[in-house]
Every structure is written in C-alpha cells, then in structure tokens.
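Fold and contact review
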Amino acid sequence: MLDSADRPLVKAEIERRVAELGPWFHDLDLHGVRTAPDHFLWRYPENKFKRFRHVIPEDLSGKSVLDIGCNAGFYSFEMKRRGAERVLGIDHDERYLAQARFAASVLGVRDVEFRRGEVWDVGALGERFDLVIFMGVLYHLRHPLLALDLIHEHVARDLLLYQSLQAGTDGMFQPDRDYDFFDGKKEFDRPEWPRMHFIEQRYAGDPTNWWVPNEACSAGMLRSAGFTIIEHPEPEVFLCRRSDQGSRGAVYPAKGTAA
Ligand SMILES: C[S@@+](CC[C@H](N)C(=O)[O-])C[C@H]1O[C@@H](n2cnc3c(N)ncnc32)[C@H](O)[C@@H]1O
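Residues numbered from 1 in each chain as written. Predicted model: local features only at pLDDT ≥ 70, side-chain atom pairs only at ≥ 80, totals over all residues. Heavy atoms only, no water.

What follows concerns the pairing of strand 4 (residues 86–91). The element strand 4 is largely enclosed, with a buried count of five among its six residues. Bridge count for strand 3 (residues 64–68) against strand 4 is five bridges, and the pairing is parallel. For D67, the partnering residue across the bridge sits in strand 4 and is G89. A crossover connection joins strand 3 to the parallel strand 4 through helix 3 (residues 74–81); in handedness this β-α-β unit is right-handed. The sheet contact formed by strand 4 and strand 5 (residues 112–116) spans five bridges and is parallel. Each residue of the ladder has a partner; that of I90, found in strand 5, is R115. Crossover strand 4 to strand 5 through helix 4 (residues 94–107) is right-handed. (Buried < 20%, exposed > 50% of the residue type's maximum accessible area, 1.4 Å probe, protein only. Helix = DSSP H or I, 4+ residues; strand = E, 2+ residues; numbered from the N terminus. Pairing = 2+ DSSP bridges. Right-handed = clockwise from strand over helix to strand, strands pointing away.)

We now examine unusual backbone geometry. In this chain, G22 is followed by P23 through a cis amide linkage whose omega measures 0°. Cis peptide bonds are those with omega within 30 degrees of zero, and the linkage from Y44 to P45 qualifies with 5°. Summarising the element assignment, P45 is placed in the loop between strand 2 (33–34) and helix 2 (46–50). Backbone geometry at H31 places phi at a positive 50°, although glycine is not the residue there. For H31, the location among the structural elements is in the loop between strand 1 (29–30) and strand 2. Residues other than glycine seldom take positive phi values, yet R43 does so here, at roughly 50°. Judged by relative accessible area, R43 falls into the partly exposed class, the value being 28%.

So this is what it looks like as structure tokens:
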C-alpha cells in the first residue's frame, strides 16, 4: 500500500490503522500485522478455510463471485487469488467494509468491490454470480429460509458455498415423503431430526444470533431452497449446486398460485 506521496505504508502506520478500524472479526495478515491476534477461534478464518479449501475450484478464471456478509474480506481475497474475474463483497456493517477496503489496499488486491448491502436486498443487484459465498451469516438472520430463497431466486447461477454455526446432534437425515398426523410427531424427537434452535435473547453475547441449526437442518434447508449438496467437507460447510427445483419438487408455491 502507498501513502498519498506514493511511499510504501510503513508497519507502524498499518498497525495504527488496524487499531483505528478495530475490533476485527477476521484475523488477516497485513504484511506481518495481524488484525485479530486474540481471536477466540485463533487465526480465523484462515485455519477454518484449510479444512475445506480443496472443494472450491482452484481456477476461477472468468468467474464471478458474490460474498454475502463478507466482513473484512478474507473469502473475497481468496477467490480473487484463484483468478475470479469479478468479486463483489457485500455486508450491512460499514465498519467491516472499511476494514475490507483497507485490507485490500494493503494487500494490493485489485478489482474487488466492497459494497454495503443486506442479504434481503440481493434482488436489487440485478446480476447472477457463478459462486455465491454465504458463510457465517444464516444464524444471524431472523428469517433464514427467506434468505436462502432470495439467494436462489436472484443471485445464484451455479455454486453456493454455505456455512453456519451449528449445534445439536450431527448427522445427515433423509426425510420420508410424508408423516402421519398422529404417529408422525414422535419422529420429531429423534436426535437427528432436522432442528433449529431459537435464541430469544443472546448467544455468546451477540444479540444478532437468532437461529442455530443442526447439520441435518442446514442440509434440509439448502435442499428445500433448491440447492443440491455436492461436497460436504465438514459438518458446517456445504458446497452446493443450484438446481431449478427445491426438494419438495417445486420452488415454493409456483408463482401466481396460492400457498
Ligand atoms: C460471523 S460473520 C461471517 C463473516 C464471513 N462471511 C466469514 O465466514 O468469516 C457475519 C457477517 O455477516 C454480516 N451480516 C449479518 N447479517 C447480515 C445481513 N442481513 N446482510 C448482510 N450482511 C450481514 C455481518 O456484518 C458479519 O460481517
């Protein structure tokens, strides 16, 4: 990064700006300056990414990427490193966007756009993307399925990379086509039943945490919204391909019909 007189930004100046823009959630390495060295998940998300990076195409040349809830840009930068032609990161928090823009300038990452945006407004982007990244956002939403539906309807063209905080019993679940009104209810008590844990107050001190699904629930919601799971490298992470149908055989009540 250069200063206004085109001199390289010295480490002390990077440290000063990092402190000014903090606190950070992404622990980035900005030429030796860590942005969140005391992160409770340690080196996040760099260490997390190591566990599933192999499922994302190594070469994204010519591809477009939308990173929803981009935070300080870790995944946007990684996709740019893989050659993605267009990378757009959106987040509803200006403070994180300022971090992302600063990190991009220090790291010399060009052609990544960071823009304020709500997941609810993805339709207004008016554009589809080859890869949509939706990592660590779902459990912050009051209306998680609506978000997946909007992503499917408006911005996903091919791949969706999804991750959520999860809790409860791990394991995938294959639902029956239907359940009996009287006998079916006992199935809901099976530990592996797709389940969302509702947080009325706070979780981890964060009032924006609303819903924590188990693994089967993440998988079921993705399928239901029209995403076919093609890679599942760890319980929380799913790489999906957009399909034209949700798992009920249609993408929600067909347009123009009653529910
Ligand atoms: C836990 S962080 C995840 C950051 C990053 N995607 C990752 O996986 O490391 C959640 C991010 O989503 C953003 N976010 C939460 N709700 C959002 C919404 N409704 N629209 C856009 N961004 C949102 C937050 O500001 C935050 O940057």
